[in-house]
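So the chains spell out like this:
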Number of protein chains: 2
Amino acid sequence: MRFLELLPYFFVIAVAIAALAAAFKLAGWVMAKDMGTEGMRRISDAIKAGAEAFMRRMNMTIAALSIVLAILIFFGYSVLEGDINKAVAMTVSFVVGALCSGFAGYFGMFTSIRSNIRVASAARRSLNEALQVALRGGAVSGLLVVALSLAGVAIMFAMFGGLSTDGDRVTAVPLQIVGFAFGASFVALFAQLGGGIYTKAADVGADLVGKVEAGIPEDDPRNPAVIADLVGDNVGDCAGRGADLFESISAENIGAMILGIALYPVFGLKAILFPLVAGALGLLASIFGTWSVRLRGEEDPMKALNRGYMMTTGVALAGFFFACFFLLRDDAAPNAYLWFFGCGVIGILASFLFVWITEYYTETRYRPVQQIASSCQTGPATTIISGLSVGLECTFMPIIVISAAILASFWMGTEALKQLVADGVLNNHSAGLYGTAVATMGMLSTAGYILAMDTFGPITDNAGGIVEMGLKEEAHGEIRNRTDRLDAVGNTTKALTKGYAVGSAALAAFLLFSAYLDQVWHYVQIRGIDMSYDEVMRVDIGKPAVFVGGLVGAMLVFVFSALAMKAVSRAAQTVITEVRRQFAEDPGIMAGTSTPNYGRCVDIVTKGALKAMVLPGILPVLFPLVLGLTIRYFYPGSKTVAAESVAALLMIATVAGILMALFMNNAGGAWDNAKKYIEEGQYGGKGSDAHKASVVGDTVGDPFKDTAGPSLHVLIKLLATLTLVMAPLFIG
Amino acid sequence: MRFLELLPYFFVIAVAIAALAAAFKLAGWVMAKDMGTEGMRRISDAIKAGAEAFMRRMNMTIAALSIVLAILIFFGYSVLEGDINKAVAMTVSFVVGALCSGFAGYFGMFTSIRSNIRVASAARRSLNEALQVALRGGAVSGLLVVALSLAGVAIMFAMFGGLSTDGDRVTAVPLQIVGFAFGASFVALFAQLGGGIYTKAADVGADLVGKVEAGIPEDDPRNPAVIADLVGDNVGDCAGRGADLFESISAENIGAMILGIALYPVFGLKAILFPLVAGALGLLASIFGTWSVRLRGEEDPMKALNRGYMMTTGVALAGFFFACFFLLRDDAAPNAYLWFFGCGVIGILASFLFVWITEYYTETRYRPVQQIASSCQTGPATTIISGLSVGLECTFMPIIVISAAILASFWMGTEALKQLVADGVLNNHSAGLYGTAVATMGMLSTAGYILAMDTFGPITDNAGGIVEMGLKEEAHGEIRNRTDRLDAVGNTTKALTKGYAVGSAALAAFLLFSAYLDQVWHYVQIRGIDMSYDEVMRVDIGKPAVFVGGLVGAMLVFVFSALAMKAVSRAAQTVITEVRRQFAEDPGIMAGTSTPNYGRCVDIVTKGALKAMVLPGILPVLFPLVLGLTIRYFYPGSKTVAAESVAALLMIATVAGILMALFMNNAGGAWDNAKKYIEEGQYGGKGSDAHKASVVGDTVGDPFKDTAGPSLHVLIKLLATLTLVMAPLFIG
C-alpha cells in the first residue's frame, strides 16, 4: 500500500533518469558526427571561445547576486521569521534551483555550439541528415531541461519531508520549496536578459554598419562584429530559452503542487504528485517525438517537424489520460478524472491555437506581414507604424483563447469535484483552481519537444554562418541552400515557441497567484491573525492600496521593457562605434586583404551586455518588496492589505506582461518576415527602398522579439515565485 | 434656509452664465482684430472651408450613431428595466450630453479657425499682440467648454428632481443623469478619433511626400496636402481636445456627485453640489488667469503663460478653500473642511508634477530628448528604439505620483470624516472615496486655463502656416520669426496639457469606477438581491471571471491603440498616393507655376478619417457589453459576478490606458522635439542623415501623440460612463 502510494514518485524519478540517459545518448550521436573542414572549425572555435567566455562571466555575475539573495532569504526566514527549518528549506531549494537553472542554460549553449558545426558539415551531404543533427542537438537540451526540472523538484520535495506519512508535514512542503522556483526564475531572468541583450546588440550593431552603411551581406567575414553576432545566437536564443523553460516548468509544477494541497484530503499524495507525473509522461512523449522526425523525400522540413509535434501531442494526450485515470479518481468523485482530462485537453488545445495564431501574425503567407511589407514602400516611418499596430492588434485572439481556457478549465474543475464540494470536503474555489492547474500541465506536456524545435533555430542559423564564412565561395553550391532552408524553418519554430511560451505563462499565471494567496493564508494561520479564508483569498482592486498595487505592477512591465530595449541600444552603439573604427583604421578589412579583430567586438558586447542586464534584473525584485513594505508599515488597513496590494501588483503585472510580450514578440516576428517577403522579390526586392525600410523595421523588431519579449515571459514567473518567497514580509 | 441651501446651485448657474458672457466678450475682442492681407485671407478661407466640411460630415456620422444608441438606451430602460422615468432621464441626459459635447468641439474649431488669421495678422505688428490674440482665442473655447459642462450638469440635475426637498429623490438623481456624461464621452471619442486621424493622416502624408521625397519645406504651398494639414490642426487638436475636456469635466463632476450621495445625510445637498461649486470657482480663476497674461518686454512667451497658470492656480486654491469651508463643514466633523482642502491641494500638486514630468521627458533641455537625438546619428532604427524606450520608461514617475495622490487623498478623506465613521453615520470607504473625488476636483479646477493654453498651440501653428503661404517671401521678415516663437511655445503647451489630461484621467479613474460600483449596489437593492454592501462593492480579481474581465480590458486598450494607428497609416497612404499623382501629372506644381488641387486632398482625408474612426469608436462599447452578457448568461457565479467582471474590465483598461497614453504621448513628444533639437544645429542640423532619421521618429510619433494617445484619455472615461449606463444589464 505504501509502495503503491509512492509509485508515482518513483515513476517520476525513473523517467527523469531515463530522459537524462536519452539526452546523453542523443548527445553522443550528435558528437559522433564529423566537424567538416578546417575553415569551418576555425569559425566554430571562435564562436565557442566567445560564447564560453561570455557565459563564464555572466554566470559569475549571476552567482554573486544569487549569493547575496540566498543570504537575505536565510536571514529573513531564520531571524525575522524565526523558523530555522523553513530557512534551510527555502535557502537550499533556492540555491539548488539557481544552480540547476544556470546549468540548464549553460548546457543549452554547450550542445548548440557543438551541434552548429556538425549541422554545417552534414549539410554538405544531405538535407535530411542536417535536419536530424539540428533537431537532435536541440533535443539534447530540451530533454535535459525538462528532466532536470522534474528531478530537481521531486528531490527537493522528498528531501524536506514530502514523502513522510504525516499529512501535515507533507502538505507544508510545496510551500517551502518555492525557493527552487524562485532561484530558477531569478537566474533565468538574468540569463535571458544578458543573452538577449548580447545577441541583439551584436546583431543590430553588425547589421547597421555592415548591411546598411558598408553594404556587405549578412555573415560576411569582413564584418568585425560577425562572430559576436553568431555567438549571440548561442548565448541568447539557446542558453536564454533553456533557462526560461527550466524555470517555467519548475515554477508551474510547484505552483500546481501547492494547489494540490487542497485536494490532499481526497486524493492523498497523488494530487500533489500529479503535475510531476504528467510532466514525466510528457517527457516520454517528447523523446518519442524527437526520435521519430525524419524527412520524406524532398518535403519542406517544417512538415517533418510538425509531424513530430503531432506525434508528441498524441502520445502526451494518451499519457495524460492515464495520469488522470490513475491519480485523480476517487469513489467520492468517480468521474473527476474525465473532467480533469478535459482540462488537459483544453490546455493542449490552447497551446495549438497559440501556435496557430502566432503563425498567422508572423508568416509571410498571411495578411499582417504582407500589409507591413506593403507599407515599406512609403518608407521606414510607415513600416514602423504598421508593424506596431500589427503587434498591438495581435493581442486580441490570444487573450480570447486564454480567457476561454481559464474559464472553461476552472468550470470543469468545479464540475469534477462537485460532489466533494457539496459534501463540504473541499471549497469550490480550490476545485476550480485545480482545474486550471491541470490545464496548465496539459499545455506544458509537450515542452520538451517544443524546446527541441526552438533550439533548432539558432543551431541552423549558426550552421549557415559557419558555411558562409568557413567554406570558400566556390565550394558553397547546394550546401548554403540547404542551411538556408533549415534556417527559414528555424525562424518559424522560434516564433512559434515564443507563442507557446507566452501562452503557457498566461495560463500558468492564474495558478501561480492563487498559490501566492495560499501562501498568504498559510502565514495568516501561523501568525494567528483573526481573518477568514474568504477574506484572505480576495484581491479587491476596489481598495485604493490594492488598486495602486495594480498600477505599479503594470508600470513595472513598461519600465522593464524600456530598460531591456535601452540596454540593447546602448550596447549596440558601442559595437557600431567599434566596427566603424576598425573599418576606418584598416581599409584592408573591406578589401578582404586583412582579417578584422573579431575578438574586440566579442569583448565589447560581453562587457556591455553584462553591465546592462543588472538594472532590469533587479527592478522586479525591488518593486514588490518596496510596495509591500510601504503599504504594510505606512498605510492603514487590515493585516493583509499589503499582501493584497502585492497580489494585485503580481496579477496586473502578469496581465500587462502577457500583452506586452505578445505585442513585442509578434511585431518583431512580423517585421522580420516582412523583410524576408521583400527579399523574395516583392516591391522591388533586395536593395530597393522598400527593402531598406524593411531592414529598419527588422532592426527595431530585434530587441522586441529577442530581448524584451522573451524576458517578459521570465519576468512574469519571477514575480510570481519571488512573491511566494517574500509573502511573510507583507503580513501583520 | 431653503434659499441658503440652494445658494450653491444658483452660484454655479450664475458663474456659468458669467463665463459664457466672458467667452463672448473675448470672442468679440478677438473678432474685432483685423484679418491681414488678401493672400492670408485666401489661405484662411481654404482652411475654414475644409474644416467646416469635415466637421459637418463627421457630426452627421456621430449623430446617426448617437441616435441609434439613444434608442437602445430608451428601449433598455423602458422595456427591459421597466422604469419609464429612468428611461426618460437617461435618454434625455444622453442626448443633451451628446449635443453639448458636439457643440463644444464645433465651437473649439470655430473660434480657432477665426483666431488663426488674426494671430497671423497681429504678428505683423508685435509678438505681444499675437500672443494675446492666440491665448484669448484659445480662452474662448476654454471658458465655453467648462461653462457648458457645469451648466449642462447643473440643469440636468435640477430637471430630474435634484433640487427637490425629498432626500430619496435627490440622491437618486446623480445616478440617473450619467447619460449626460456617457453622451459627452461617446461623442468626444469619435470627435477625438476622427479629428486625430484626420490631422495625422494629412500631416504624415504631407511630410512623407513633401519633406522626404520632394525635399520641400513644411507649409510649402507647392505641397497639395498642405491645406489638409492645416485643417487637421483645427479639427484634431482644437475640436478634439474641446470635446475631450468637456466630457472629462462632465464625467468627473457627475462621478463625484454620485460619491457625494453617501455624504448627503451629513452635509445635505452641499455634498452633491460641491464638485460643481469647486468647478465654478476654478472657472472664475481661469477667466482671471487668461485675462492677466501679457508679455513683459522681450521675454519668452512661455514665461507669460506660466505666470498666468500660477495666477490661475493661486486664485483657484483660494476659491477651493472657500468651497470647502462653506460646503464641507459640519458640527459632527468640524475640521473636515481642512482635510478636504488638503485633498484639493494634493490634486493641484499632482497636476503640477504631471506637467513638470512631461516637460522633463519631452523638452530639448533634458536628457531623454537629447539621448534620442544622439541615437539619430546611427539611423532611423536606433531613433525608433530609443524613442520607444523613453516612452515606456517615462511611465515611472507619473504612476508614483498618481499612486501617492490616490493613497493620500483617500486617507485624508477617512481622517476628515473619522468621527462620522466612528458614529456609524458613514462607512470608511465612502469617506475615503470622497477624498479622492475632492482631489480630482482640485486637479480639474484649472481646466479652463489649461484648455486655453492647449488651443493656443494649433492656433499659432496655423498662424505660422498662413504667414508662410499667404505672404510673399520678401514680406516675411520678423513676422515668421514671431509666429515661430509662438509655435514653439504652442508645442510645449500642447505636450503639457496632454500630461495634465492623463493625470486627471488617472486620478478620476478611481472615482469613476467607485461610482460604477455604487450604481451596481443601487440595482442590487432595487432588484431585492440578497447580497451585502461589502460583497457588492468588491472587485476580486482572484475570481476567474473577474480576472478574465481584467485581461479583456487591458487587451481592449492594445487593440484600440492598434486600430487608431492603423487608421492613420491607411488614411495617410491615400494622401501619399494622391500627392504623388499630382506631382507626376503636373510638373508645374513643383516649379511653382501652377496651383495644386488642395481640395482633393482635403476631400480624401475627410473620407478616410470618417471611415476609419467607426471601428475603434464602436469597439469600447461592444467589449464590456459582450463580456458582461456572456458572463451573466453563460458562466456560473453570484448574481453580480458579471458586473464584477465588467468592473475589472473597466479598472484594468484604465490602468493599461493610462500607461499606454503616457507611453504614446511622451514618446511622440520626445521624437518631435528630438527633431527640433537637431534642426537647431545638433549632429549636422537640417538635411543631415541624423535629421532624416529624426524625421522618421517624428512621423512615427505623430499618430502616437495626436491620435492614439489623446483618444485613450477619452476611451478611459467612455468606458467608465458607459458601464454606468449599462450596469443594470449585468446584474441578476
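Placed above this text is the structure.
About the thresholds
- Residues numbered from 1 in each chain as written.
- Chains lettered and ligands numbered in written order.
- Predicted model: local features only at pLDDT ≥ 70, side-chain atom pairs only at ≥ 80, totals over all residues.
- Heavy atoms only, no water.
- Helix = DSSP H or I, 4+ residues; strand = E, 2+ residues; numbered from the N terminus.
- Rg over C-alpha atoms; globule rule 2.2 N^0.38 Å.
- Buried < 20%, exposed > 50% of the residue type's maximum accessible area, 1.4 Å probe, protein only.
- Contact = heavy atoms within 4.5 Å.
- Lys, Arg positive; Asp, Glu negative; His and termini not counted.
- Charge placed at Lys NZ, Arg CZ, Asp CG, Glu CD.
- Expected span 1.5 Å × (residues − 1).
- Disulfide = S-S within 2.5 Å.
- Buried area = accessible area lost by both parts, 1.4 Å probe.
- Salt bridge = Lys/Arg side-chain N within 4 Å of Asp/Glu carboxyl O.
- Polar contact = N/O pair within 3.5 Å; in protein donor to acceptor, adjacent residues only side chain to side chain.
- 1 Å grid on protein atoms, 1.4 Å probe; cavity = no way out; pocket = protein on both sides within 12 Å on 5 of 7 lines; lining within 4 Å.
- Points joined across faces, edges and corners; volume = space filled by probe spheres on them.
- Nonpolar A, V, L, I, M, F, W, Y, C, P; charged D, E, K, R; others polar.
- Axes fitted to C-alpha atoms, helices over the stretch in contact; angles between N-to-C directions.
- Parallel < 35°, antiparallel > 145°, perpendicular 65-115°, else oblique.
- Left-handed = near helix turned anticlockwise from the far one by under 90°.
- Phe/Tyr/Trp six-rings, centres within 6.5 Å; stacked < 30°, edge-to-face > 60°.
- Lys NZ or Arg CZ within 6 Å of the ring centre and 35° of its normal.
- Least-squares fit on C-alpha atoms with pLDDT ≥ 70 in both.

Attention shifts here to the overall build of chain A. Each helix and strand in chain A was counted, giving 25 helices and 0 strands. For 732 residues, the compact-globule estimate of 2.2 N^0.38 gives 27 Å, and chain A sits close to it at 25 Å. In terms of overall dimensions, chain A has C-alpha extents of about 80 × 55 × 45 Å along its principal axes. In chain A, which comprises 732 residues, the proportion classed as buried is 70%. Within chain A, residue pairs in contact and separated by at least 24 positions form 84% of the contacts whose partners lie at least 6 positions apart. Placing the 52 positive and 57 negative side-chain charges of chain A at their respective mean positions leaves the two points 3 Å apart.

Let us now look at helix 2 (residues 38–80) of chain B. Between the first and last C-alpha of helix 2 of chain B there are 60 Å, a value that for 43 residues agrees with the 63 Å anticipated at 1.5 Å per step. Taken from the residues just after helix 2 of chain B, B:Gly82 is the one with a positive phi, measuring 70°.

As enumerated under the stated definition, the model contains 0 disulfides over all chains in all. There is no disulfide at A:Cys324, and the cysteine sulfur nearest it, in A:Cys343, is 8.1 Å away.

Glancing now at the interface of chain B and chain A. Facing the 71 residues of chain B at the interface are 70 residues of chain A. Buried area between chain B and chain A, both sides added, is near 6500 Å², and the carbon and sulfur share of it is 81%. Three residues, B:Ile385, B:Phe547 and B:Phe558, lead the burial of chain B against chain A; their summed loss comes to 11% of the area buried on that side. At the surface where chain B touches chain A, the tally comes to 2 salt bridges. Here A:Glu393 ties to B:Lys566 by a salt bridge, and the two come within 2.5 Å at their closest N and O atoms. Where chain B packs against chain A, one counts 8 residue pairs in polar contact (both at pLDDT 80 or more). Where the side of chain B that touches chain A is concerned, the elements lending two or more residues are helix 12 (367–375), helix 13 (380–393), helix 14 (396–416), helix 19 (478–526), helix 21 (544–585), helix 23 (598–634), helix 24 (641–679) and helix 25 (689–726) of chain B.

A few words on empty space enclosed by the protein. Tallying each qualifying case throughout the model produces 12 cavities of 30 Å³ or more. Space inside the largest cavity adds up to approximately 190 Å³. Its residues assigned to classes, the lining of the largest cavity comprises 6 nonpolar, 9 polar and 5 charged.

All names here are of chain B. Running from N to C, helix 10 (residues 301–327) and helix 11 (residues 336–362) cross one another at 160°; their axes reach a closest spacing of 8 Å. What the angle tells us is that helix 10 and helix 11 run roughly antiparallel. The two elements helix 10 and helix 11 cross, and the hand of that crossing is right-handed. Between helix 10 and helix 11, the residues in contact are Tyr 309, Met 310, Thr 313, Leu 317, Phe 320, Phe 321, Cys 324 and Phe 325 and Tyr 337, Leu 338, Phe 340, Phe 341, Gly 344, Val 345, Ile 348, Ser 351, Phe 352 and Val 355, respectively.

A few words now on the packing of aromatic side chains. Aromatic ring pairs are reported here in terms of the distance separating the ring centres and the angle at which the planes meet. A complete count under the given rule lists 68 aromatic pairs over all chains for this structure. Taking 6.3 Å as the distance between ring centres and 10° as the angle between the ring planes, the aromatic pair formed by A:Tyr309 and A:Tyr449 counts as stacked. Taken together, the residues span a long stretch of sequence, with A:Tyr309 in helix 10 (residues 301–327) and A:Tyr449 in helix 17 (residues 447–470) at a distance of 140 residues. In terms of burial, A:Tyr309 and A:Tyr449 fall into one category: buried. Centre to centre, the rings of B:Phe322 and B:Phe326 are 6.4 Å apart; their planes meet at 20°, and the pair counts as stacked. On the criterion of helical spacing, the pair formed by B:Phe322 and B:Phe326 is a turn pair, its members being 4 residues apart in helix 10. Residue classification places B:Phe322 among the partly exposed residues on the basis of a relative accessible area of 46%. What makes B:Phe326 exposed here is its relative accessible area of 55%. Grouped by ring-pair contacts, the aromatic residues A:Phe321, A:Phe322, A:Phe325, A:Phe326, A:Tyr337 and A:Phe341 constitute a single cluster. For B:Arg136, the ring lying beneath its charged end belongs to B:Trp29, and the centroid distance is 4.5 Å.

Now for the environment of A:Ile84. Residue and element names in this part refer to chain A. Its place among the elements puts Ile 84 in helix 3 (residues 84–123). Sequence spacing of Ile 84 and Ala 670 is 586 residues, and the spatial spacing of their C-alpha atoms is 52 Å. Filtering out sequence-adjacent residues up to four positions away, Ile 84 remains in contact with Phe 74 and Ser 78.

Turning next to unusual backbone geometry. Residue and element names in this part refer to chain A. Despite not being glycine, Tyr 683 shows a phi value in the positive range, around 50°. In this fold, Tyr 683 is placed in the loop between helix 24 (641–679) and helix 25 (689–726). Taking relative accessible area as the criterion, Tyr 683 reaches 33% and is therefore assigned partly exposed.

Within the structure shown, the criterion is met by 65 salt bridges over all chains. Salt bridges linked by common partners bring A:Lys200, A:Asp203, A:Lys498, A:Asp672, A:Lys676, A:Asp702, A:Lys705 and A:Asp706 together as one network.

Expressed as a screw operation, the relation of chain B to chain A combines 0.0 Å of axial shift with a rotation of 180°, fitting to an RMSD of 0.0 Å. What the superposition gives is, in effect, a two-fold axis relating one chain to the other. Closest approach to the rotation axis among the C-alpha atoms of chain B is made by B:Asp540, whose C-alpha sits 2.2 Å away. Of all interface residues in chain B, 99% are interface residues in chain A too; the two copies therefore contact each other through one and the same surface.

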